[in-house]
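# What the coordinates show
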Amino acid sequence: MGVERIIGIDFGTSTSVMRVKRYQENGQPVDDRLYTAGVKFANSSLVPTLIRKMQDGEPYYGYEAQKEHKKSNLFDNFKVNLESPDPQEKAQARALTEEFFVYLAKQYKDQSSGGFFGEADETERTLISYPVKWSEETRTFMLEAAKKAGFKHVEGMDEAQAAITAVMVQSADYLSQRGYLQDGVPANILMADMGAGTTDLVLCRYTPGKSAKYEILSAWPREGGTLFGGREVEGMLQDYLRNKLPEEDVDTVMKKCRLDMFKSWKEDYVSPALARDETVTECADMEMVTDLLEIDVEEYSLDRAAFEKMASQYLKGFPELVNGCLKDAGLSGDAVDLVLLTGGHSQWYFVREQLCGRLDRFGAVGLGKIQADPERIIPVPRPQETVALGLVYSPLMEKIRFDFKLQDMKDDVIVTRFEMEKVGKNRAKLKIEVSVAAFEDAVEQTYQNVKDKIKVPGLERGKATRDIIEKMYGKEIFYEEAANILIPKAYNEAVDMCTKEIVSRPIIEVTQIESGKPFVFVAKVALKPKVILGRYKNIKVETAEMCEEKIIDAIIADARMDIPEEMLATKQEQMAEAFGEKIQEQGISVEQYFQYTGLTREALLEQFRPHAERQIKSRLALEAVAEAEKIEVSEAECQTEIRKRNDFNNGVAEWMSETADIKEMIEDIKVQKALDFVVKHAVK
């Protein structure tokens, strides 16, 4: 039976993404319904849409282009110039786009040649996304650029349709159970794609069912108009900190603080803190600069009130955009059934607040159904990858039916249902359901933890009941933290139930979180690969020096094992964490280390890759030797090792309280005994 491989390419303004999914001839996916493979760039599924050209003409792309070089030109944001009225700008943007597509094609080809994406004889189809409001000429150029780069059977899809496809496939159960979508019933969906430069709105009418229909009602703004992107916020935050510096030192400090520093501060600290209604009082990167220069910074408290005062004109932009889109489509706000939030900028607290009518002083957005039921706002789980996922999910759309039946769940234990499904070689998906009672307990615990931090007009902090807070802010205000409480415990329970050994950190996706229903999430994991040993006895070594390493290298070279990329990535992360702890013991923060060396986290992880791969292969090979030789660990050996570890930990034995610790210790002893065995049986 033939297999078709779909490559989805989201060529973005600031970052680009490539996802891959495989389908059988009957249209069924080869792997799990939601599983996709990603083309990797420095161990990331996202790649900066950047090209840097040296004076001698040598180009660098993506993460390599981020590294600063004095004698070079950096090209960024060239996607926005593909429809520039300036012929020269447009021509340059097209040339850069074609060049970047060649880079993407090379990355895909290099990774697919190793069989990572499937068999070599599979047919390929490529889907490219583009903004709804692009002209037919520019859309055609995009398709031709992809073909020219070497991609096969290239087709196009607008970004809005791709995003809707991703949400429909990922959230079908949720949308059906809530009654938000029904087969044959049209629904008006407002999609806000909130990126680094602008926010683009698309209002469409989607009718699910066997003959699904998709109609664009408005793409807004048509051209120019209101800017409402992440870069505007970065600029405001930069000005905010600038005003906290002594006037005579502003230029000195700002020259040493790159713009991406403010972007990181925004994404990693300010946005999450304000979402939790907390106050930001420091910017570590700038403080490091001012400390080195011995410059005093005025104390500040950046909370929601301070941000809204600073950004008052900016915050008026979102209602203008939404109301303009509704007017252009000839619809009232009450006609909007769902709102989809995509793009990294959608994570800001004010987006949801404005849609729910809780920041009307900056302009009213009259979305009646949304304000009555904020759960109609669907923030996508991986906003920067949504479009690419929708492209490769597109064959699944005709299989979705919005007529699911709820199942009765009567158990009140934390994990009421667990399923493990293999979704590819050495990979699995764990579907974990948590009882309604456990979810309710977690929500109540969250309320007790945060009630003193929530402002309710007319009441002292901590005096508002849970019911009052939920009526004011929506029940979902407690959901995220409740999920954070439940997931670690439920995941550990599921791991104990699992008959396979998991060797990676889980990728978690919440699939159901709603009052009165079980909490459901999926954990995608890598499984321990099988090792087929070759020769491990009578290995020849010339000298005793480096004997162990040479023997292990020989065993690895003669063994066969397929290391999951997730397992390798987990090991790299562990090494990076250990490295970070080590340099912090020397009084240097990780951020300082990166600044002094010019390295990025991605580059550091890549440096660890060969060491991580060797450690994994060594461990797996020796575990296989222990199994082949039926090596066991006696009670006396266990007690001796426990005493050693307790001595190392100053006599504190609590680490032995967990069964997992005992199992890990026994495996460590087996591996050491296996190493002793192969060394003993080596020949000189």
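Since the model is a prediction, treat every value here as computed from it, not as a measurement.

This paragraph deals with the overall build of the protein. When you go through the protein residue by residue, the secondary structure sums to 24 helices and 18 strands. Taking 684 residues into account, the globule formula puts the C-alpha radius of gyration at 26 Å, and the protein, at 28 Å, falls close to it. If one aligns the C-alpha atoms of the protein with their principal axes, the spans along those axes are about 85 × 70 × 65 Å. With 684 residues in all, the protein has 49% of them scored as buried. Pairs at least 24 apart in sequence give 69% of the contacts found in the protein among residues at least 6 apart. Put simply, the protein shows about 34,300 Å² of open surface, and 47% of that area lies on carbon and sulfur atoms. Mean positive and mean negative side-chain charge positions of the protein (92 and 118 charges, respectively) differ by 4 Å.

Moving on: the side chain of Glu-509. Its place among the elements puts Glu-509 in strand E17 (residues 507-512). Within the buried set, Glu-509 has no salt-bridge partner at all; the shortest N-O distance to an opposite charge, 4.7 Å, is to Lys-524.

This next bit is on the environment of Ser-45. Note that Ser-45 resides in the loop between strand E3 (37-38) and strand E4 (46-48). In the structure, Ser-45 is positioned 27 residues away from Met-18 in sequence and 7.3 Å away in space, judged by C-alpha atoms. Engagement of the side chain of Ser-45 in a polar contact is seen with the side chain of Glu-385, the distance being 2.9 Å.

The N-to-C vectors of helix H2 (residues 87-112) and helix H3 (residues 136-149) enclose an angle of 40°; their axes lie 8 Å apart at closest approach. Judged by the twist between their axes, the crossing of H2 over H3 is right-handed. Judged by residue contacts, Lys-90, Arg-94, Thr-97, Glu-98, Phe-101, Val-102 and Ala-105 of H2 engage Glu-137, Thr-138, Phe-141, Met-142, Ala-145, Ala-146, Lys-148 and Ala-149 from H3. Residue classes in the contact of H2 with H3 are distributed as 8 nonpolar, 2 polar and 5 charged.

Moving on: the sheet that holds strand E7 (residues 72-76). If you walk across this open sheet you meet the 3 strands as E6-E5-E7, and the pairing is antiparallel. In the strand order of this sheet, the two ends are held by strand E6 (59-61) and E7, each with one partner. Averaged over all adjacent pairs, the angle separating strand axes in this sheet is 20°, with direction ignored. One ladder, built from 5 bridges, connects strand E5 (residues 50-54) with E7; its direction is antiparallel. Counterpart to Arg-52 in the pairing with E7 is Leu-74. On the sheet, H2 packs against E5, E6 and E7 and is oriented at approximately 100° with respect to E5.

Moving on, we come to the confidence of the model for the protein. Scored by pLDDT, the protein has a mean of 86; 93% of the residues are at 70 or more. Of all secondary-structure elements in the protein, the lowest mean pLDDT belongs to helix H23 (residues 635-648), at 67, while H3 reaches the highest, 96. Predicted confidence for residues 650-660 stays below pLDDT 50, and this span has 12 contacts to residues more than four positions away or in other chains.

Counting across every chain of the model gives 43 salt bridges. For the salt bridge of Lys-53 with Glu-99, the shortest nitrogen-to-oxygen distance reads 2.9 Å. Highlighted residues: Lys-53 in strand E5 and Glu-99 in helix H2, separated in sequence by 46 residues. A relative accessible area of 18% places Glu-99 in the buried class. The shortest N-O distance in the salt bridge between Lys-489 and Glu-493 comes to 3.0 Å. Residue Lys-489 and its partner Glu-493 are both found in helix H18 (residues 479-497); the two are separated by 4 residues, about one turn of the helix. Given a relative accessible area of 22%, Glu-493 falls into the partly exposed group. Sharing partners across several salt bridges, the network here consists of Glu-501, Lys-528, Arg-619, Glu-623 and Asp-668.

Turning our attention to empty space enclosed by the protein. Applying the stated rule across the entire model yields 2 cavities of 30 Å³ or more. Of the voids in this model, the largest cavity is the one considered here, and its volume is about 90 Å³. The wall of the largest cavity is formed by Pro-131, Val-132, Lys-133, Glu-159, Ala-160, Met-191, Asp-193, Asp-200, Leu-201, Val-202, Ala-219 and Trp-220. Elements represented by at least two residues in the lining of the largest cavity include exactly helix H4 (159-170), strand E10 (187-194), strand E11 (199-207) and strand E12 (213-220). Considering each element in turn, the lining of the largest cavity owes the most residues, 3 residues, to E11. When grouped by side-chain class, the residues that make up the lining of the largest cavity number 8 nonpolar, no polar and 4 charged.

With that out of the way, let us pick up a nonpolar patch on the surface. Taken together, the side chains of Leu-292, Leu-293 and Tyr-596 define a hydrophobic patch exposed on the protein surface, amounting to about 300 Å² of accessible area. Along the chain, Leu-292 turns up in helix H9 (residues 284-293).

Note that the residue after Trp-220, namely Pro-221, is joined by a cis bond; omega there is -5°. Counting through the fold element by element, Pro-221 comes out in the loop between E12 and helix H6 (230-242). Even without being a glycine, Asn-77 presents a positive backbone phi close to 55°. Note on placement: Asn-77 falls in the loop between E7 and H2. Even without glycine at this site, Glu-294 takes up a positive phi of about 55°. Residue placement: Glu-294 occurs in the loop between H9 and helix H10 (304-310). According to the relative accessible area criterion, Glu-294 is exposed, its value standing at 72%.

Okay, the pairing of E17 next. Relative to strand E18 (residues 519-526), E17 runs antiparallel, the two sharing 5 bridges. Paired with Gln-512 across the bridge in E18 is Val-520. Where E17 folds back on E18, the antiparallel hairpin that results is connected by 6 residues, among which Gly-516 adopts a positive phi of roughly 85°.

One open sheet holds the 5 strands; their spatial order is E12-E11-E10-E13-E14, and the pairing between them is mixed. At either end of the open sheet lies a strand with only one pairing partner, and these are E12 and strand E14 (377-379). Strand-to-strand twist in this sheet, taken as the mean axis angle between neighbours without regard to direction, amounts to 20°. Pairing of E11 with E12, which is carried by 7 bridges, proceeds in the antiparallel orientation. Each bridged residue has a counterpart across the sheet, and for Arg-205 the counterpart in E12 is Glu-215. On the sheet, H4 packs against E10, E11, E12, strand E13 (338-342) and E14 and is oriented at approximately 110° with respect to E10.

Its 13 residues place the ends of helix H12 (residues 317-329) 19 Å apart at the C-alpha level, agreeing with the 18 Å of an ideal helix rising 1.5 Å per residue. Of the residues making up H12, those classed as buried are Gly-317, Phe-318, Pro-319, Leu-321, Val-322, Gly-324, Cys-325 and Leu-326. Along its buried surface, H12 packs onto E10, E11, E12, helix H11 (312-315) and helix H13 (349-355). Following H12 by one or two positions, Gly-330 has its phi on the positive side, about 75°.

Before going further, it helps to spend a moment on the side chain of Glu-234. Position of Glu-234 among the secondary structure elements: in helix H6. Classification of Glu-234 as buried rests on a relative accessible area of 5%. Discounting chain neighbours no more than four positions away, the residues touching Glu-234 are Phe-262, Lys-263 and Lys-266.

Criteria and cut-off values
Residues numbered from 1 in each chain as written. Predicted model: local features only at pLDDT ≥ 70, side-chain atom pairs only at ≥ 80, totals over all residues. Heavy atoms only, no water. Helix = DSSP H or I, 4+ residues; strand = E, 2+ residues; numbered from the N terminus. Rg over C-alpha atoms; globule rule 2.2 N^0.38 Å. Buried < 20%, exposed > 50% of the residue type's maximum accessible area, 1.4 Å probe, protein only. Contact = heavy atoms within 4.5 Å. Areas by Shrake-Rupley, 256 points an atom, 1.4 Å probe, with all protein chains shown as cover. Lys, Arg positive; Asp, Glu negative; His and termini not counted. Charge placed at Lys NZ, Arg CZ, Asp CG, Glu CD. Salt bridge = Lys/Arg side-chain N within 4 Å of Asp/Glu carboxyl O. Polar contact = N/O pair within 3.5 Å; in protein donor to acceptor, adjacent residues only side chain to side chain. Axes fitted to C-alpha atoms, helices over the stretch in contact; angles between N-to-C directions. Left-handed = near helix turned anticlockwise from the far one by under 90°. Nonpolar A, V, L, I, M, F, W, Y, C, P; charged D, E, K, R; others polar. Pairing = 2+ DSSP bridges. pLDDT = per-residue confidence, 0-100. 1 Å grid on protein atoms, 1.4 Å probe; cavity = no way out; pocket = protein on both sides within 12 Å on 5 of 7 lines; lining within 4 Å. Points joined across faces, edges and corners; volume = space filled by probe spheres on them. Patch = residues over 30% accessible without salt bridge, like charges linked within 9 Å, V, L, I, M, F, W, Y side chains within 5 Å. Expected span 1.5 Å × (residues − 1).

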